Protein chains: 4
Amino acid sequence: MVIVMAPDATSDNIDSLVTLVSAAGGEAYVTRGVSRTIIGLVGDVQRLSNLDLRAQPGVSDVLRISAPYKLVSRENHVSRSVVRVRDVPIGGDHMTVIAGPCAVETPEQTLESARMAADAGAALLRGGAYKPRTSPYAFQGLGEEGLKILAETREETGMPIVTEVVDAGDVEVVASYADMLQVGTRNMQNFALLQAVGEAGLPVLLKRGMNATIEEWLMAAEYIAQRGNLDIVLCERGIRTFEKATRNTLDISAVPVAQELSHLPVIVDPSHSGGKRNLVLPLSRAAIAAGADGIIVDVHPTPETALCDGPQALVEEDLAELRDVAGTLSTLMGRDLTPAPGLEPVQV
Amino acid sequence: MVIVMAPDATSDNIDSLVTLVSAAGGEAYVTRGVSRTIIGLVGDVQRLSNLDLRAQPGVSDVLRISAPYKLVSRENHVSRSVVRVRDVPIGGDHMTVIAGPCAVETPEQTLESARMAADAGAALLRGGAYKPRTSPYAFQGLGEEGLKILAETREETGMPIVTEVVDAGDVEVVASYADMLQVGTRNMQNFALLQAVGEAGLPVLLKRGMNATIEEWLMAAEYIAQRGNLDIVLCERGIRTFEKATRNTLDISAVPVAQELSHLPVIVDPSHSGGKRNLVLPLSRAAIAAGADGIIVDVHPTPETALCDGPQALVEEDLAELRDVAGTLSTLMGRDLTPAPGLEPVQV
Amino acid sequence: MVIVMAPDATSDNIDSLVTLVSAAGGEAYVTRGVSRTIIGLVGDVQRLSNLDLRAQPGVSDVLRISAPYKLVSRENHVSRSVVRVRDVPIGGDHMTVIAGPCAVETPEQTLESARMAADAGAALLRGGAYKPRTSPYAFQGLGEEGLKILAETREETGMPIVTEVVDAGDVEVVASYADMLQVGTRNMQNFALLQAVGEAGLPVLLKRGMNATIEEWLMAAEYIAQRGNLDIVLCERGIRTFEKATRNTLDISAVPVAQELSHLPVIVDPSHSGGKRNLVLPLSRAAIAAGADGIIVDVHPTPETALCDGPQALVEEDLAELRDVAGTLSTLMGRDLTPAPGLEPVQV
Amino acid sequence: MVIVMAPDATSDNIDSLVTLVSAAGGEAYVTRGVSRTIIGLVGDVQRLSNLDLRAQPGVSDVLRISAPYKLVSRENHVSRSVVRVRDVPIGGDHMTVIAGPCAVETPEQTLESARMAADAGAALLRGGAYKPRTSPYAFQGLGEEGLKILAETREETGMPIVTEVVDAGDVEVVASYADMLQVGTRNMQNFALLQAVGEAGLPVLLKRGMNATIEEWLMAAEYIAQRGNLDIVLCERGIRTFEKATRNTLDISAVPVAQELSHLPVIVDPSHSGGKRNLVLPLSRAAIAAGADGIIVDVHPTPETALCDGPQALVEEDLAELRDVAGTLSTLMGRDLTPAPGLEPVQV
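The structure presented is a predicted model; accordingly, all values stated were derived computationally and were not measured.

## Side note on a nonpolar patch on the surface
Together, Leu71 and Leu230 of chain A together with Tyr137 of chain B give the surface a local cluster of nonpolar side chains, amounting to about 240 Å² of exposed area. Mapped onto the secondary structure, Leu230 of chain A falls in the loop between α7 (214-226) and β12 (232-236).

Have a look at this one:
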């Protein structure tokens, strides 16, 4: 932090500040300019922040100068990271598509969705067994039963699975089935959950809070990283604004900005951003063209009967176009589309 | 829900919709007007919402017409509720002040803060033992040690305690010490936590998510109520906007709006809204004048050394004014300031 | 501005910056600290801002330290200003109520609204003759005909009139009838209009842009002040957020914040903030309690036939309560309610 | 509009509403369903809106069902429009790049910027002679002198010019030099200006207000169209949100949404959205991939000395990449990049 003194600040003012900072365990470096004095502070930012330095006599302004996240910052880790979900890479020169149903409903619907996902060019299967819903009267997911369906579908298709966990108390059971743990937008600042997934030994897909700044998003990633898990993929999924024509406002700039600030891969969720099927393809194209490391897309064989977010799911006739777009645009962006594992059924 | 058909919709379009709705377990009531046909729907809103009715041929618009929350709605519960924390009432004709330190740091600091709270007119003591912090490097609270300090302070002062719980797994231990459980702004949609506090047998203070609509806030209360706990107090604490001069933007209109939609008491947190000590008194006055059932305020004996949110804490010289404001304005609003229990120390 | 150099910045980096700043007509004061060097800049902020100093080698951060508005700032003008509209004061120890119809429709409706305004405790009459409307198909106001009606109503009631001007080209005609010119929320950054009202010789009521920061609002006031007109009253009227339950979100904190930053009086518009009649009284109380210098309220004899914003207008039965609230709360806040001029008709 | 009656509404309630609507010049069509009655309204939406129908006895909800803009809507004009600026097309199967300096400063800087624009693939030259600036102390543009420089540059380069007009009173003079009139973000609801440019006989570039909904943006276009000018190009340039890492948040979804609602071409301004040079290329790619009809980009030969928005201007080394991106991505999207007119100087 840096304290900017007022032009008429006295030597006593400055001495008092130095004493105050020292008492809080910090160090103060005074540099006297022609018209103003600047005091640079070293020490615990939180303790220094609590000193209410702005309110001290003679102080004109107080400024923070370094990024508050360390492990996920690109400052000390210039090359961009590649996160692997089993064998599937996310980041680097890869373009990775994740697809599947918003919620796991039945084995048939899940298997059919996985087939659709593969047809759309996906290498990873998404599907929710634990659903955070705004209303207590909405479908809350199948729980462990849903995880079993996902595991069976992985058996049949070979696609690693990405699934959400919504409570620290569920991390162990979800981690016993999943290949990648998803932390959803409403839980981005559920710190107990972040710490739990940080210790679960699996890669994490961290969605941006719908009202979180990019800095707060990186701080949430730092919570996971601090527990020793750096296999984190950031996912932009739209923020809340005054605009009502879309479910959320996709912050497309967040892709290049987060990639510049952090070494973690950044993907985009065009389905939850727009909330409408006919926006998924334009937003997917925008995401890849902006430089995203991947996209995560809802598909459903019969969206009109889906138990969750049917209106935003892609259907059969959209799949070829998505795969084509992902392939062509990725090439243009110098990336390889991570191949779908195919649907060779496991011999029983 | 109501479907508004386009002027050129055909009878086939209408028949198809009726069939679609029936297949989803709903009922459709068709009313044919001169220029348009309107179809009223009865059935499970979630399932109906998934039909993507807007995309069906002939449909012009689809509209939802009833409040999605039932138990906390004022529709079927016209009189406003009074919630009791031990003997201290919140709601009705009462004005209740809750005050205390943002975080419990030491027994001395907590006891001194409780004394300050009582001097400020508070009937309840707030204090955090589990702190959700944006940075993993910030002070995270003393945990159970903090709860013990709060319980000791209650012994000495007689003030019931309000304290935050941040994870469903901690509800049992926090409930064993606390008189009222607080759910913080970042956890307003931590549904596992909402359900856990709904079953804990204690009144709940539910802060509004900093980006939550009033409807979502009431839906979060519905999660608690659905578990059989209707002793819920709503707390407006500022929302996130583009304005940078304040920490958050206090949505003062949320007080009359939430009181009209719900029978639950509504209080205001002027400390976290503004984020600055000099805004606490103006915003407290505004809250009481807008009709709030109470306020919750940060106080600290030495904010310059506070481990959390020092700059927004009231100090000794502010207390008399807050007590005076709370008393005078409450009378003007036809409310009685709930008396502070005083500081008669327990004989040891 | 202040440049914070990176720890590894070289002397050459610093020298280059000094040269760059000098070339742009500025002066650079270098202060070398133990770990970092800080460079204070003096000069034209705009030109310095264009240097893209952040992108220069060795620069860690660039910070602006002084308020960009001068004439309306409280820094050099500590005592709070009183603005007079004819004989009616706004600011200081006064509480001033402005009321009237959103739009002037007929002489009868305007006169009746003026009587209602006076009954509600208003000292000034508001009424729109030029209405900025989102839709080109909405009622746009009576234009000069409306101004004449306002002037006649002033003749009959003695109440000075406040009316909006929406285009620089209309300032002359509006100023020939009005006692105070209003600049509306959509025109807060219509700089040609700001400059024109700055030269019109009348006090100005400057509404905050619905998406303007407080700083931008003060900059807009500075545009008016720069033309030599310091008789400016600021009006908070709600900002745009994600909340849908109210028309806008009244930023009640803007009252104490703007009063601290500027010497200009600050009033509140509870009618346009909430957009609903039943919110006007709670928000009026909140405004006065927060320290506002006045309020501006819509009244209408028959809101159900109003040509503009009927749903938010107060009606006959609300008037006594508003007058009572304004009187009682003002006293509590140490202010005198500016008396209504009464309705003694002018002898013809 | 549609009135949804409450289940317990009486026949008297319904009769009263019909009478009320008739009195306001509207017609009411009553359709009685099993559980509810629906009343469809036909008539002047503004007058009906003022009836405060929601407050009438027996009314459950009131809903608006048709788009409030007519001329710019795609409903009655399904094919997408092509707007021509002299011979340069915008819309249809074209991809049009507009580039130039934020502000016209000198003939040399403008000519050099035009050369850069052409090198970047631009077919139209942008440049501001009248600059709306937040601060009255910032550079406000050269005025007519700047227009003359633009006209001279057009002489030398053949590129038609797009330039902003900020006040209705300036439209005539600006239109006498310009080929396309730009209405800026701060003036999107300056209705006098919209009407004036609607009558100026030139195509208009209408920037979205930084806090305007897409509906309000289309309503602003309707103001221009209502004066008989349908040669309007919409420009998304970022909206204001809580995110601080970018100057504004580019609402990329606005491209497909506006194109679905309106037949007008939609372009994107990646320079003002992000506010940083290194975001311009990623956002340009995203815009083209999302289906935009064009982009408008800041370029400057020496951004470090620019009088306006230097930090976001592209420089020499970016031009080839932008041209390449615009060409390749346009082809992929099935569009032809509108050729730059080149720099063949006019023989004198």
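From this point, things continue past the structure.
## Section: helix α1 (residues 11-23) of chain B
All names here are of chain B. The end-to-end C-alpha separation of α1 is 18 Å, in line with the 18 Å expected for 13 residues at 1.5 Å each. The inward-facing, buried residues of α1 contact β1 (2-5), β2 (27-32), β3 (37-42), α2 (45-49) and β4 (59-63). Where α1 terminates, the next one or two residues include Gly25, which has phi positive at roughly 85°.

## A short note on the domain arrangement of chain A
With domains assigned, chain A is organised as domain 1 (2-63) and domain 2 (82-337). Each of domain 1 of chain A and domain 2 of chain A has a C-alpha centre, and these two points are 45 Å apart.

## Quick look at helix α11 (residues 316-332) of chain C
Taking 1.5 Å of rise per residue, the 17 residues of α11 of chain C would be expected to cover 24 Å, and the 26 Å separating its terminal C-alpha atoms lies within 8% of that figure. Considered for burial, the residues of α11 of chain C that qualify are Asp318, Leu319, Leu322, Val325, Ala326, Leu329 and Ser330 of chain C. The arc enclosing the buried residues of α11 of chain C, seen along the axis, measures out at 135°, which places them on a common side. Turned more than 90 degrees away from the buried face of α11 of chain C, the exposed residues are Glu317 and Thr331 of chain C. The inward-facing, buried residues of α11 of chain C contact α11 (316-332) of chain B together with β7 (94-100), α3 (107-119), α10 (277-290), β14 (294-298) and β15 (336-337) of chain C.

## Topic: the relation of the copies chain B and chain A
The transformation that overlays chain B on chain A combines an axial shift of 0.0 Å with a rotation of 180°, and the residual RMSD is 0.1 Å. The relationship between the two copies is best expressed as a two-fold rotation axis. Taking the C-alpha atom as reference, chain B places Asn211 of chain B closest to the rotation axis, 3.0 Å from it. Here 100% of the contact residues of chain B are again contact residues in chain A; the copies associate through an equivalent surface.

## Observations concerning the side chain of Glu216 of chain C
Looking at the element boundaries, Glu216 of chain C is found in helix α7 (residues 214-226). Within polar-contact distance, the side chain of Glu216 of chain C engages the backbone nitrogen of Thr213 of chain C at 3.0 Å. With near-sequence residues (within four places) excluded, Glu216 of chain C lies in contact with Met188, Gln189 and Asn211 of chain C together with Thr134 and Arg240 of chain D.

What counts and what doesn't
- Residues numbered from 1 in each chain as written.
- Chains lettered and ligands numbered in written order.
- Predicted model: local features only at pLDDT ≥ 70, side-chain atom pairs only at ≥ 80, totals over all residues.
- Heavy atoms only, no water.
- Patch = residues over 30% accessible without salt bridge, like charges linked within 9 Å, V, L, I, M, F, W, Y side chains within 5 Å.
- Areas by Shrake-Rupley, 256 points an atom, 1.4 Å probe, with all protein chains shown as cover.
- Salt bridge = Lys/Arg side-chain N within 4 Å of Asp/Glu carboxyl O.
- Helix = DSSP H or I, 4+ residues; strand = E, 2+ residues; numbered from the N terminus.
- Expected span 1.5 Å × (residues − 1).
- Contact = heavy atoms within 4.5 Å.
- Domains from an automatic or database assignment.
- Buried < 20%, exposed > 50% of the residue type's maximum accessible area, 1.4 Å probe, protein only.
- Arc of directions from axis to C-beta.
- Least-squares fit on C-alpha atoms with pLDDT ≥ 70 in both.
- Polar contact = N/O pair within 3.5 Å; in protein donor to acceptor, adjacent residues only side chain to side chain.

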